[in-house]
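# Architecture and fold: a report
Single-letter residue listing:
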Amino acid sequence: MLRPAMPNDSDRVFLDYTKEQLDQAYDQLVWAPHRDAIQAEIRKDCEAVRKAMPSRTERYGRSEMQLLDIFAPKGASKVPVLVYLHGGAWLRGSRLDVAYPAPAVVGKGAALVVADFDNVATVPLPAMIAQCREAVAWTARNAASFGGDPDRIYLAGHSSGAHLASCVLLGNDTVKGALLISGMYDLHAPLLSARSKYVKITPEELDAASAMRHLGRIRCPVAVAWSVGDSPEFRRHGQVFAAALEGMGRLASRTEVFSPNHFEEPRQLADPNSALGRALFSLMGL
């Protein structure tokens, strides 16, 4: 257990966590030290998907990183569209690593858009959020060009991608539903941890980037999921955010995913009959 039975008040930095424990609670590598091997497997899976289902690549913004890939059914006409945002602690990750949902999404008669964006080593966190908003806006404007329905845009994200997606939802009328997987929805605790060493934002920016504080600005149904293999803080975020959305009448579903760890969890999106697959396609009405 991370939490000592009786920590001294002076040692607590958040809830019952000491600083060291909070750092661990926001470091998924502590809980899945074989992360790199898992992600290498995922990259191979995605390479196979891309070979079997070549995507269309488009630029949606001015940054070199602002590219997105589109996987759509052949002959598609006004099909629903899912925009997926990758995770990676705001530091890592690529659209090349999240093609694995494409066969399931396309097989259900929908289109998948996977987006790249700059990370916090190159731009501030608010700029990352703005780029993700641009990706969604571009998708809606151009949906007809790949057979998508601009009135049925859905959003999903995992880990830091779920955080970014939650921020995109605020005040957004374009997105008709979102699946948020193992994200962080209030940045107060994460930025008391070691993540504050590389995420530099003002108190006002922290508030604006914490969807939990702006529930009234979420205008669509939201499905929330977390893994039994997540670190304790990621599980807490999911549970608290789901309860708050339920109180606002915005919760589509809550799903505790049985996966061995944080990094294996989103691979369930490749299986439409998995817990995550069912949550996603129920949200999309498929």
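Report on the accompanying structure. (Residues numbered from 1 in each chain as written. Predicted model: local features only at pLDDT ≥ 70, side-chain atom pairs only at ≥ 80, totals over all residues. Heavy atoms only, no water.)

What follows is about the side chain of R95. Mapping R95 onto the fold places it in the loop between β5 (79-85) and α4 (102-107). At 3.0 Å, the side chain of R95 and the side chain of D69 are in polar contact. For R95, the residues in contact, after removing those within four places along its chain, are R50, T57, L67, L68, D69, H86, V114, A115 and D116. (Helix = DSSP H or I, 4+ residues; strand = E, 2+ residues; numbered from the N terminus. Polar contact = N/O pair within 3.5 Å; in protein donor to acceptor, adjacent residues only side chain to side chain. Contact = heavy atoms within 4.5 Å.)

Moving on to the packing of aromatic side chains. The way to describe two aromatic rings as a pair is by their centre distance and the angle between their planes. Considering all chains together, one arrives at 3 aromatic pairs under this definition. Geometrically, the ring pair formed by Y185 and F241 is stacked, given 4.2 Å between the ring centres and 15° between the ring planes. Residue Y185 is located in the loop between β8 (175-181) and α7 (203-208), and its partner F241 is located in helix α8 (residues 232-248); the two are separated by 56 residues in the primary sequence. F241 carries the same exposure label as Y185, and that label is buried. (Phe/Tyr/Trp six-rings, centres within 6.5 Å; stacked < 30°, edge-to-face > 60°. Buried < 20%, exposed > 50% of the residue type's maximum accessible area, 1.4 Å probe, protein only.)

Burial within strand β9 (residues 222-227) is extensive, with 6 of its 6 residues counted as buried. Every second residue of β9 is oriented toward a common face, with V222, V224 and W226 on one face and A223, A225 and S227 on the other, all of them buried. Sheet topology places β8 next to β9; 4 bridges connect them, and they run parallel. What sits directly across from L180, in β9, is V224. With respect to chirality, the unit in which β8 leads through α7 into the neighbouring parallel β9 is right-handed. Direction of pairing for β9 relative to strand β10 (residues 251-257): parallel, over a ladder of 6 bridges. Looking across to β10, one finds that V222 is bridged to L251. Remark: the β9/α8/β10 crossover connection has right-handed handedness. (Pairing = 2+ DSSP bridges. Right-handed = clockwise from strand over helix to strand, strands pointing away.)

With 17 residues, α8 extends 25 Å from end C-alpha to end C-alpha; this agrees with the ideal 24 Å at 1.5 Å per step. All of the buried residues along α8 are P232, E233, F234, H237, G238, F241, A242, A244 and L245. (Expected span 1.5 Å × (residues − 1).)

Looking now at the sheet that holds β8. Reading across from one edge, β3-β4-β6-β5-β7-β8-β9-β10 is the order of the 8 strands in this open sheet, with mixed pairing throughout. Both edges of this open sheet fall to β3 (56-59) and β10, since each of them pairs with a single strand only. When strand polarity is set aside, the average angle formed by the axes of neighbouring strands in this sheet is 20°. Relative to strand β7 (residues 148-158), helix α6 (residues 160-169) is tilted by about 140°, and along the sheet it contacts β5, β7, β8 and β9. (Axes fitted to C-alpha atoms, helices over the stretch in contact; angles between N-to-C directions.)

So, on to the pattern of salt bridges. Oppositely charged side chains are able to pair whenever their charged atoms sit close together. The tally for this structure, following the rule as stated, stands at 17 salt bridges. The closest approach of N and O atoms between R43 and D97, which form a salt bridge, is 2.2 Å. Residue R43 is found in helix α3 (residues 35-52), and its partner D97 is found in the loop between β5 and α4; the two are separated by 54 residues along the sequence. Residue classification places R43 among the partly exposed positions, given a relative accessible area of 30%. Here D186 makes a salt bridge to R213, at a shortest N to O gap of 2.9 Å. One end of the pair, D186, is in the loop between β8 and α7; the other, R213, is in the loop between α7 and β9, and 27 residues separate them in sequence. (Salt bridge = Lys/Arg side-chain N within 4 Å of Asp/Glu carboxyl O.)

The next point concerns the state of the cysteines. Inspection of the entire model under this criterion finds 0 disulfides. Unpaired in this structure, C132 has its nearest cysteine sulfur neighbour in C167, at a distance of 9.0 Å. On the accessibility criterion, C167 (0% relative accessible area) is buried. (Disulfide = S-S within 2.5 Å.)

Counting 62 residues, the largest nonpolar core has L85, W90, L125, L155, L164, L187 and F241 as its most contacted members. If you tally residues by element for this core, the top one is helix α5 (residues 125-142), at 8 residues. Residues in contact with F241, not counting those within four places in the same chain, are L180, Y185, A211, M212, L215, I218 and V224. In terms of nonpolar packing, the next biggest core, distinct from the first, is built from 33 residues, V98, V106, I181 and L283 among them. (Core = buried A, V, L, I, M, F, W, Y, C linked by side-chain atoms within 4.5 Å.)

So, on to the packing of α5 against α6. Contact geometry of α5 with α6 gives a least axis separation of 9 Å together with a crossing angle of 70°. Viewed along their axes, α5 and α6 adopt a mutual orientation that is roughly perpendicular. Read as a crossing pair, α5 and α6 show a hand that is right-handed. Residues L125, M128, I129, C132, R133 and V136 of α5 form the contact with α6, whose own contacting residues are H163, L164, C167 and V168. Residue classes in the contact of α5 with α6 are distributed as 8 nonpolar, 1 polar and 1 charged. (Parallel < 35°, antiparallel > 145°, perpendicular 65-115°, else oblique. Left-handed = near helix turned anticlockwise from the far one by under 90°. Nonpolar A, V, L, I, M, F, W, Y, C, P; charged D, E, K, R; others polar.)

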